[in-house]
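One letter stands for each residue in the lines below.
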Amino acid sequence: MLDIDRSAPVMVTGATGYVAGWIVKALLDAGLTVHAPVRDPAKTEKTAHLTALAEAAHGEIRFFKADLLEPGSYGEAMQGCSVVFHTASPFIVNVKDPQRDLIDPAVKGTRNVLEEANRTESVRRVVLTSSCAAIYTDAIDCASAPGGMLTEDVWNTTASLDYQPYSYSKTLAEKEGWTIAAEQDRWDLVVINPSLVLGPAINDLPTSESFRIIKMLGDGTMKAGAPKLGLGVVDVRDLAQAHLAAAFTPKAEGRHITSGHGTNTFEIATLLQDKFGADYPLPKRPLPKWLFWLLAPTAGVERKFVSRNANIVWKADNSKGRTALGLTYRPLKETVEDMFAQMVERGAFTKS
């Protein structure tokens, strides 16, 4: 059981996002006061789901106006807070301008939040939502890691502005966080590195790339076959608990790979067959790697990506999170079934 200090509020950036929504719920359920900086607090339709969470919980939520790319705009929201959760960072793959759409929001946003922590005397800990993408770019990187699996000691060295810029943005942002943290000694930085986040959303219209991946499995896009892209998966609800543990475990330090399962895209489709296979055009067979490689450009996918991820096992050591933070992970089948069922309920798919 965590010893949670409820005497001071906590702040969550990106509170309306997919991952942050569950973090906010966990904090409110624990009886905390949550400060939620948003672009426009007057747009209550974007925060209504968080207000509803607070009304059903022991804690309370307060909204503040702030902009991720505007230095100093988090000052009011952070005032009096003991812990800052920095989750705000775009998770999109297809962008027109990687520097503008990914790198700047990730790096400048991290800098703005952490420099505000430097100016806010009450802050004692910052929990940064990084990613396993700051550790690796492609599944093939697992094999070249020490012992054939990813650990917290590994850093992504293969992503760039031109190849996998999302992974590059997460790497640069986390490094920026560690640089700023090392320049002071009042607050400490604890980093959570999730793999692909799946599971149901709290808000009605989630924009995370996670939902696009599951949609392609269920809407017939991959009916002829799904590639076996090696990846790790963590349930969004387990990830929220990881953030809580990172905030309120006194000895927590460093990075934490937060991933429940090593899997692949075809296996995820297979896990959905029992419950949804009769009604939705889920892929029933794997797409051969050679065929995926051949067709990749027509789907907007680089052949280099296919070569480095298809039919390659993804492996990471999650033991630090289990030991240091007491993390546990629900079955992958439960995660994907709950997510798919919610997407069905919200009209994401048409029955076949």
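The present account deals with the structure reproduced in this document. None of the values given here were measured: they were computed from a predicted structure.

What follows concerns the overall build of the protein chain. When helices and strands are tallied, the protein chain shows 13 helices and 10 strands. Relative to its length of 352 residues, the protein chain is compact, with a C-alpha radius of gyration of 20 Å against a globular reference of 20 Å. Along the first, second and third principal axes, the C-alpha atoms of the protein chain reach 55 × 40 × 40 Å. A buried classification covers 56% of the 352 residues belonging to the protein chain. Here the analysis covers contacts within the protein chain between residues at least 6 apart in sequence; of these, 80% occur between residues at least 24 apart. Of the roughly 15,400 Å² of accessible surface on the protein chain, 53% is carried by carbon and sulfur atoms. A gap of 6 Å separates the mean positions of the 38 positive and 41 negative side-chain charges of the protein chain.

Glancing now at the nonpolar core. Ranked by internal contacts, the top residues of the largest apolar core, which has 68 residues, are L27, F85 and F248. With sequence-adjacent residues up to four places away left out, L27 is seen in contact with V10, V12, L32, V34, F85, L244 and F248. The next biggest cluster of nonpolar side chains, apart from the first, holds 21 residues, and it includes A88, V113, W187 and L189.

What follows is about the sheet that holds strand β2 (residues 33-38). Within a sheet, neighbouring strands are paired by backbone hydrogen bonds and run either parallel or antiparallel to one another. Read from one edge of the open sheet, 7 strands run β3-β2-β1-β4-β5-β6-β9, paired in parallel fashion. Edge positions in the sheet fall to β3 (60-65) and β9 (254-258), since each of these pairs with one other strand and no more. Within this sheet the neighbouring strands show an average axis-to-axis angle of 20°, counted without direction. Together, β1 (10-13), β4 (83-86) and β5 (125-129) form the strand contacts of helix α4 (residues 98-119), whose direction differs from that of β4 by roughly 175°. Its contacts with the sheet put helix α8 (residues 236-248) on β1, β4, β5, β6 (188-194) and β9, and the angle it makes with β5 is roughly 155°.

Running from amino to carboxyl end, helix α9 (residues 265-276) crosses helix α13 (residues 332-345) at an angle of 60°, the nearest separation of the two axes being 9 Å. Crossing of α9 against α13: the hand is right-handed. For the pair α9 and α13, contact is made by I268, L271, L272, D274, K275 and F276 and by L332, K333, V336, E337, F340, A341 and V344, respectively. Looking at the contact of α9 with α13 residue by residue, the class counts come to 9 nonpolar, no polar and 4 charged.

Next up on the list: the side chain of T137. If you trace the backbone, T137 turns up in the loop between β5 and α5 (140-144). For T137, a relative accessible area of 5% puts it in the buried group. When sequence neighbours within four positions are dropped, the list of residues in contact with T137 reads N156, T158, A159, Y163, Q164, S167 and N309.

Okay, the environment of S160 next. Note on placement: S160 falls in the loop between α5 and α6 (165-182). The exposure class of S160 is partly exposed, given its relative accessible area of 25%. Between the C-alpha atom of S160 and that of Q342, which follows or precedes it by 182 residues, the distance is 35 Å. Sequence-distant contacts of S160, that is, excluding residues within four places in its chain, are made with P165 and Y168.

With that out of the way, let us pick up a nonpolar patch on the surface. Among the surface-exposed residues, W290, W293, L294 and L295 lie close enough to one another that they form a single nonpolar patch of about 450 Å² accessible area. With respect to the helices, strands and loops of the structure, W290 is situated in helix α10 (residues 289-295).

The next thing to look at is the pairing of β5. Within β5, 5 of the 5 residues are buried, which leaves it mostly tucked inside the rest of the structure. Burial of the side chains of β5 extends over both faces: R125, V127 and T129 are buried on one face and V126 and L128 on the other. Examined bridge by bridge, β4 and β5 share 4 bridges and lie parallel to one another. Each bridged residue has a counterpart across the sheet, and for V83 the counterpart in β5 is R125. Pairing analysis gives 5 bridges linking β5 to β6, with the strands arranged parallel. Bridge assignment links R125 to a residue of β6, and that residue is D188.

Among the structural elements, E174 can be located in helix α6. A distance of 2.7 Å separates polar atoms of two side chains, one belonging to E174 and the other to S130. If sequence neighbours within four positions are ignored, E174 has contacts with L128, S130, A134, W155, V191, N193 and R255.

Another point: helix α7 (residues 209-218). Here α7 lies mainly inside the structure; 7 of its 10 residues are buried. Buried residues along α7 sit against α1 (18-29), β7 (196-198), α9 and α13. G220 lies just past α7 and shows a positive phi near 100°.

A word on the packing of aromatic side chains. Using the criterion set out here, one finds 6 aromatic pairs in the structure. Each ring, one from Y280 and one from F340, has its centre 5.7 Å from the other, and the planes form 75°; the classification is edge-to-face. With a gap of 60 residues between them, Y280 in the loop between α9 and α10 and F340 in helix α13 connect regions that are remote in the sequence. With a relative accessible area of 0%, F340 lands in the buried category. One aromatic cluster in this structure is built from F276, Y280, F340 and F349. Over the aromatic face of W155 sits the side chain of R255, whose NZ or CZ is 3.7 Å from the ring centroid. The residue whose ring lies beneath R303 is W293, and the NZ or CZ to ring-centre distance is 4.2 Å.

About the cut-offs
Residues numbered from 1 in each chain as written. Predicted model: local features only at pLDDT ≥ 70, side-chain atom pairs only at ≥ 80, totals over all residues. Heavy atoms only, no water. Helix = DSSP H or I, 4+ residues; strand = E, 2+ residues; numbered from the N terminus. Rg over C-alpha atoms; globule rule 2.2 N^0.38 Å. Buried < 20%, exposed > 50% of the residue type's maximum accessible area, 1.4 Å probe, protein only. Contact = heavy atoms within 4.5 Å. Areas by Shrake-Rupley, 256 points an atom, 1.4 Å probe, with all protein chains shown as cover. Lys, Arg positive; Asp, Glu negative; His and termini not counted. Charge placed at Lys NZ, Arg CZ, Asp CG, Glu CD. Core = buried A, V, L, I, M, F, W, Y, C linked by side-chain atoms within 4.5 Å. Pairing = 2+ DSSP bridges. Axes fitted to C-alpha atoms, helices over the stretch in contact; angles between N-to-C directions. Left-handed = near helix turned anticlockwise from the far one by under 90°. Nonpolar A, V, L, I, M, F, W, Y, C, P; charged D, E, K, R; others polar. Patch = residues over 30% accessible without salt bridge, like charges linked within 9 Å, V, L, I, M, F, W, Y side chains within 5 Å. Salt bridge = Lys/Arg side-chain N within 4 Å of Asp/Glu carboxyl O. Polar contact = N/O pair within 3.5 Å; in protein donor to acceptor, adjacent residues only side chain to side chain. Phe/Tyr/Trp six-rings, centres within 6.5 Å; stacked < 30°, edge-to-face > 60°. Lys NZ or Arg CZ within 6 Å of the ring centre and 35° of its normal.

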